[in-house]
Amino acid sequence: MKTQEEWSLNSIINSEQCAKCGTCTILCPNNILTFDDGPKLEDKCLRKGRGTCHEVCPRVSSGGYQIRIRENLKEDKYITKYSESDTLKNIIKYLLDNNEIDGALIVGSDHWKSLSLIIKEESDLDNPKEKSYKTSPLMALEELKQLNLEKIVIAALPCQISGFRKIQYFPYIAKHDIEKSKTGSPVKIPEIKYLIGEYCTGKYDYGDMNKVLKDEGIQLDDVKKFYMKSPNLIIETNKKTYTLKLKPIRMNSACKLCKDYEAELADISIGSHDNKTTSVIIRKNKLNPLKDVLNLEEDINDINKEKRERKIKRFNIEVKKREDEELPLSYYWNGDYPGVGKQMDGNHFIRLKVGKAGWYTTEKISEIVEISNKYNLTIKMTNRGAYELHDVKPKDVVTISEELKARGLEAGSEGPLVRSTIACPGSASCTSGIIDSISITNTLEDKFKEYPTPYKFKMAVTGCPNQCVRPTIHDIGVMGKRFTKINPDKCLNCGRCNEVCKLEAISYTNVAIRDENICIDCGKCYKACPHNAIELINESFEVYVGGKSGRQIIEGHKVNISTLDELYSFVEKVLIAYNDLSNKPQRERLADTINRIGYKKFINYVDEIQL
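Conventions and cut-offs
- Residues numbered from 1 in each chain as written.
- Predicted model: local features only at pLDDT ≥ 70, side-chain atom pairs only at ≥ 80, totals over all residues.
- Heavy atoms only, no water.
- Core = buried A, V, L, I, M, F, W, Y, C linked by side-chain atoms within 4.5 Å.
- Buried < 20%, exposed > 50% of the residue type's maximum accessible area, 1.4 Å probe, protein only.
- Helix = DSSP H or I, 4+ residues; strand = E, 2+ residues; numbered from the N terminus.
- Contact = heavy atoms within 4.5 Å.
- Pairing = 2+ DSSP bridges.
- Axes fitted to C-alpha atoms, helices over the stretch in contact; angles between N-to-C directions.
- Parallel < 35°, antiparallel > 145°, perpendicular 65-115°, else oblique.
- Left-handed = near helix turned anticlockwise from the far one by under 90°.
- Nonpolar A, V, L, I, M, F, W, Y, C, P; charged D, E, K, R; others polar.
- Salt bridge = Lys/Arg side-chain N within 4 Å of Asp/Glu carboxyl O.
- Polar contact = N/O pair within 3.5 Å; in protein donor to acceptor, adjacent residues only side chain to side chain.

Enquirer: Run through the nonpolar core, naming residues and quoting values.
Expert: Core analysis: the biggest nonpolar cluster contains 35 residues, and Phe457, Val545, Leu567, Phe570 and Val574 have the highest contact counts within it. Among the secondary structure elements, those contributing two or more residues to this core are helix H16 (437-448), strand S20 (459-462), strand S21 (476-486), strand S24 (534-545), helix H19 (564-581), helix H20 (590-597) and helix H21 (599-608). The element that contributes the greatest number of residues to this core is H19, accounting for 8 residues. Ignoring sequence-local partners within four residues, the contact set of Val545 consists of Asp475, Ile476, Gly556, His557, Val559, Phe570, Val574, Leu590, Ile594, Tyr599 and Phe602. By size, the runner-up hydrophobic cluster in this structure holds 29 residues, among which are Ile67, Leu105, Ala140 and Ala263.

Laid out in structure tokens, this is it:
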């Protein structure tokens, strides 16, 4: 079929890397994708699949690093005596009772056949109606929207959770809005408020399952529960419990390329352990009340460690096997690492964060060179003082990223987040320096490193009005200034101040006279005056907000800030306001947001933020 041949995702499907999560079908605006044990293109795609379906696929790229910093995920591990199904029900009931959600979608299976269950009210958890089951997540989400259920929780397997997270953060990852249909409308789905991950060792073939049960004389409709205790499959019916070999049932090939056992991108994950207890991982502070609801006890022994490591081992074996046989691999997991970007030739680059205030030790530079030689890489220094390692082969991204980390070399500063703060040497090293730009920069880095933003966010600190690091055209710029005044009673008209002024702002007759419209408060005259006739008022700084370079050069707005504590508080408020007010992720810099809503409205919003 020609339409299938042209579809870009066939590179994933035909090479058996498709997780069969169904994510690609959800945001297709023209409804030309169907799902039945895998996605299928039913009509000609004008983009040949180079659109939303490709960008949202978790097996093209995980988007994991960007998602993690935006969700600020952690891992608190617990166990409960509730069964897995009761744990899931109690979580959904809690969210419904507290008006956190309007409904729920359980993307799971009925006897291992993919089905999605719609939950509109608590009674549906115990007695789901036949019409509540849908054959795909897309159909279920469309019905939830038609039912006016605006905020939902989704319970799903790890690969599906990855897909839904990419849907949540699609504009940040794809760098544009969701694709529109031929009639100009994007797909509308409910807001995904929470994601519940279900532990998974792998998905198995539905047809093989049917055959194995039939050979054992077991009716599929009689099965109450399946669970695996490797190498066996345990099947419970109303009358008997069977222990069968798992080997005859084929695993989905792509599951061998998954190392995520506990749905690492979910807000909360659950999974049965030894059929007596359920493991629970809470990653969001907002869900901490569930500790009491589920009677959770701390998992001090990490009961899932063995299963998790077994899945990782299987993943590593499969990757090596495919590499040895030169089979296609998307290396989607490279998206889990900071600072990683793709080159046009299919290789990657890894950007390192700028050394503290732009300083590097010779040891660190030697380590960068050593790694570059070891993996046959090239080195690029960016215009903001960061080192980039180029020509990284996809299979080496993880190895190099881990080696950089082990050597204390921090990767990052790539994507919609606070980039490395740059600085001049400042008062510690430069004779023109007025403020300690290094100290200020290090504090900004400590407080706001990799802070998620709608688009890239750049800060610069310069020690004096020479503006060596261009502070006025950064999102936030800090410039040191020395404010002075001329005391005519002390001036002896020697002319030294006139000689050192680079802008010729000072002239003299009987005494020195300064044109304040020209003076930039660099303080050179203050340091040069042999008679102390130029007196210091204070050494301080000016702050600029909303500057921008690149396609457009926009100077930032000058803001009156007196102390460093006020500066750090102001930066945090600006970041909050930018995240709140921007409406075009990866398209709208802070300067554009300010221009759209007006500087006065923006700065008033900043002032009203309570930290």
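Enquirer: How would you summarise the sheet that holds strand S17 (residues 378-381) if you had to cite specific residues and measurements?
Expert: Two orientations exist for strands paired in a sheet by backbone hydrogen bonds: parallel and antiparallel. Ordered by their spatial adjacency, 4 strands build an open sheet running S15-S16-S18-S17, and the pairing between neighbours is antiparallel. Two strands bound the open sheet, and with one partner strand each, they are strand S15 (340-342) and S17. Strand-to-strand twist of the sheet, defined as the mean angle between neighbouring strand axes without regard to direction, takes the value 25 degrees. Examined bridge by bridge, S17 and strand S18 (residues 387-392) share 4 bridges and lie antiparallel to one another. Counterpart to Thr378 in the pairing with S18 is His390. This element, helix H14 (residues 362-374), spans S17 and S18 of the sheet and lies at about 5 degrees to S18. Against the sheet, helix H15 (residues 397-406) touches S15, strand S16 (348-351) and S18, its axis set at about 15 degrees to S16.

Enquirer: Could you give me a rundown of helix H5 (residues 64-71), with the residues and numbers involved?
Expert: Burial analysis of H5 places 7 of its 8 residues in the buried class, which makes it a mostly covered element. Packing partners of the buried residues in H5 comprise helix H9 (158-168) and helix H10 (170-174). Of the residues trailing H5, Asn72 is marked for its positive phi of about 50 degrees.

Enquirer: Outline the environment of Ser540, listing residues and values.
Expert: Counting through the fold element by element, Ser540 comes out in strand S24. Sequence separation between Ser540 and Ile434 is 106 residues; the distance between their C-alpha atoms is 7.9 Å. Those residues in contact with Ser540 that lie beyond four places of it in its chain are Ile435, Met479, Gly480, Lys481, Phe483 and Ser562.

Enquirer: Provide a residue-level description of the packing of H16 against H19, including the pertinent values.
Expert: The geometry of H16 relative to H19 is characterised by a closest axis approach of 11 Å and an angle of 40 degrees between their N-to-C directions. Here H19 runs oblique to H16, going by the angle between their axes. Crossing of H16 over H19 shows right-handed handedness. Judged by residue contacts, Ile440, Thr443, Leu444, Lys447 and Phe448 of H16 engage Leu564, Leu567, Tyr568, Val571, Glu572 and Leu575 from H19. A breakdown of the residues in the contact of H16 with H19 according to their chemical character gives 8 nonpolar, 1 polar and 2 charged.

Enquirer: Give me the lowdown on the pattern of salt bridges, citing residues and values where you can.
Expert: Overall, the coordinates contain 39 salt bridges when judged by the stated rule. The shortest N-O distance in the salt bridge between Glu100 and Lys193 comes to 3.3 Å. Residue Glu100 is located in the loop between helix H6 (84-97) and strand S4 (103-110), and its partner Lys193 is located in strand S8 (residues 191-198); the two are separated by 93 residues in the primary sequence. Among the ionic pairs, Lys490 bridges to Glu535, the shortest N-O distance being 3.2 Å. Of this pair, Lys490 sits in the loop between S21 and helix H17 (496-500) while Glu535 is found in strand S24, placing the two residues 45 residues apart along the sequence. For Lys490, a relative accessible area of 38% corresponds to the partly exposed category. Overlapping salt bridges, with partners in common, bring together Glu75, Lys77, Glu262, Arg283, Asp302 and Arg308 in one network.

Enquirer: I'd like a rundown of the side chain of Thr25, residues and numbers included.
Expert: Within the secondary structure, Thr25 is located in helix H3 (residues 23-26). Note on Thr25: relative accessible area 2%, which makes it buried. A polar side-chain atom of Thr25 sits 2.7 Å from the main-chain carbonyl oxygen of Gly22.

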